[in-house]
Amino acid sequence: MSPSSSLPQALHELNRHHLSELSGRDRTAVQDEYDRLRMLRLAEEGLARGDMFPDFALRDANGVLHTSHEFLDRGPMVLAFFRGGWCPYCALTMVALEEARAAIEALGGQPVGIMPDQPARIAETASQRGISYPLLSDPANGFARTCGLAYELSPEHVRIHLERGRDLRRLHADTAWRLPIPAVFVVAPDAQIVFAFSDVDSARWPDPEELIASLDALRDAHARDSHA
């Protein structure tokens, strides 16, 4: 995907291709899972604009501990939750965030990714995808659960992952079959969320231009306050 291409369109095309390759049983299982999660209202009742973003202390691929305060002391944070390096939708979104990194940093922001993979796997993903912003490990989706953004998979969804050779419990150092809901937030230096997006459908994600616009508006608001 080139920097000028549309991320939502790329995700739509990937989803169309993905669904076309699934069996009827698996397509039904995927749709049933989305319906179940929408009934639980996980995305709607999770973190929202105006909320305070919870503190975190998570390790990167090299085992270095990073905190939310560390990032916010430098300026706004653009924080994304990814399901894992195995997820093709996450591959598109994490690369799109990398492509937007220069524009984000030009506005004083810092992109950060959080995923449940263990550090060695994160290092591999970052290398494969050319990711230079911090990717942090969230074992057992502990922080995602704090944010109300993690869920346990249905038996049919567990079956689909196992048939594809993915034991998420092993990959994520977990005792349960859990995944985070794909989400992205723009967090002001005072930890207030100024942009929030989450959706149980991993094929839905905002265009990075929306994140950049949010940072631009935050900078303008700060400038007005400074001159008031």
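Model, not experiment: these values are computed from the prediction.

Engineer: Pulling in residues and values, what's your account of the sheet that holds strand β2 (residues 65-67)?
Structural biologist: In sheet architecture, strand pairing relies on hydrogen bonds along the backbone and comes in two forms, parallel and antiparallel. As summarised here, the arrangement of the seven strands in space is β2-β1-β5-β4-β3-β8-β9, forming an open sheet in which the pairing is mixed. Looking at the sheet topology across the chains shown, the edges are occupied by β2 and β9 (193-198). Put simply, the sheet's adjacent strands are angled 30° from each other on average, direction ignored. Across three bridges, strand β4 (residues 110-115) lies against strand β5 (residues 135-137) in parallel orientation. Bridging across to β5, Met-115 finds its partner in Ser-137.

Engineer: Give a description of the environment of Thr-28 that names residues and reports values.
Structural biologist: Inspection of the secondary structure puts Thr-28 in helix α2 (residues 24-40). A sequence separation of 128 residues divides Thr-28 from Glu-156, and the C-alpha atoms of the two residues are 9.6 Å apart.

Engineer: Before we move on, can you summarise the nonpolar core with the specific residues and values?
Structural biologist: It is characteristic of soluble globular proteins that their nonpolar side chains tend to be buried jointly. Of all hydrophobic cores here, the largest spans 72 residues; its most connected members are Phe-53, Phe-56, Met-77, Phe-81, Phe-82 and Phe-185. Apart from residues no more than four positions distant in its own chain, Phe-185 is found in contact with Leu-47, Phe-53, Met-77, Val-78, Leu-79, Phe-81, Leu-149, Ile-193, Phe-195 and Ala-196.

Engineer: Could you give an account of unusual backbone geometry, naming the residues involved and the relevant values?
Structural biologist: Among all residues save glycine, negative phi is the norm, and among peptide bonds the norm is trans. Positive phi, normally seen in glycine, also occurs at Ala-140, with a value near 55°. Looking at where Ala-140 falls in the secondary structure, it is placed in the loop between β5 and α8 (142-146). Relative accessible area serves as the criterion here: at 12%, Ala-140 is assigned to the buried category. One non-glycine residue, Asn-141, lies in positive phi territory at about 55°. Along the polypeptide, Asn-141 turns up in the loop between β5 and α8. The buried category is assigned to Asn-141, whose relative accessible area is 1%.

Engineer: How would you explain the side chain of Asp-60 if you had to name every residue and give the values?
Structural biologist: In this structure, Asp-60 sits in strand β1 (residues 57-60). One buried charged side chain, Asp-60, makes no salt bridge at all; its nearest oppositely charged neighbour is Arg-59, positioned 7.4 Å away. Side-chain polar atoms of Asp-60 contact the side chain of His-66, separated by 2.9 Å.

Criteria and cut-off values
- Residues numbered from 1 in each chain as written.
- Predicted model: local features only at pLDDT ≥ 70, side-chain atom pairs only at ≥ 80, totals over all residues.
- Heavy atoms only, no water.
- Pairing = 2+ DSSP bridges.
- Helix = DSSP H or I, 4+ residues; strand = E, 2+ residues; numbered from the N terminus.
- Axes fitted to C-alpha atoms, helices over the stretch in contact; angles between N-to-C directions.
- Core = buried A, V, L, I, M, F, W, Y, C linked by side-chain atoms within 4.5 Å.
- Buried < 20%, exposed > 50% of the residue type's maximum accessible area, 1.4 Å probe, protein only.
- Contact = heavy atoms within 4.5 Å.
- Lys, Arg positive; Asp, Glu negative; His and termini not counted.
- Salt bridge = Lys/Arg side-chain N within 4 Å of Asp/Glu carboxyl O.
- Polar contact = N/O pair within 3.5 Å; in protein donor to acceptor, adjacent residues only side chain to side chain.

All quantities given are derived from atomic positions and should not be read as evidence of function.
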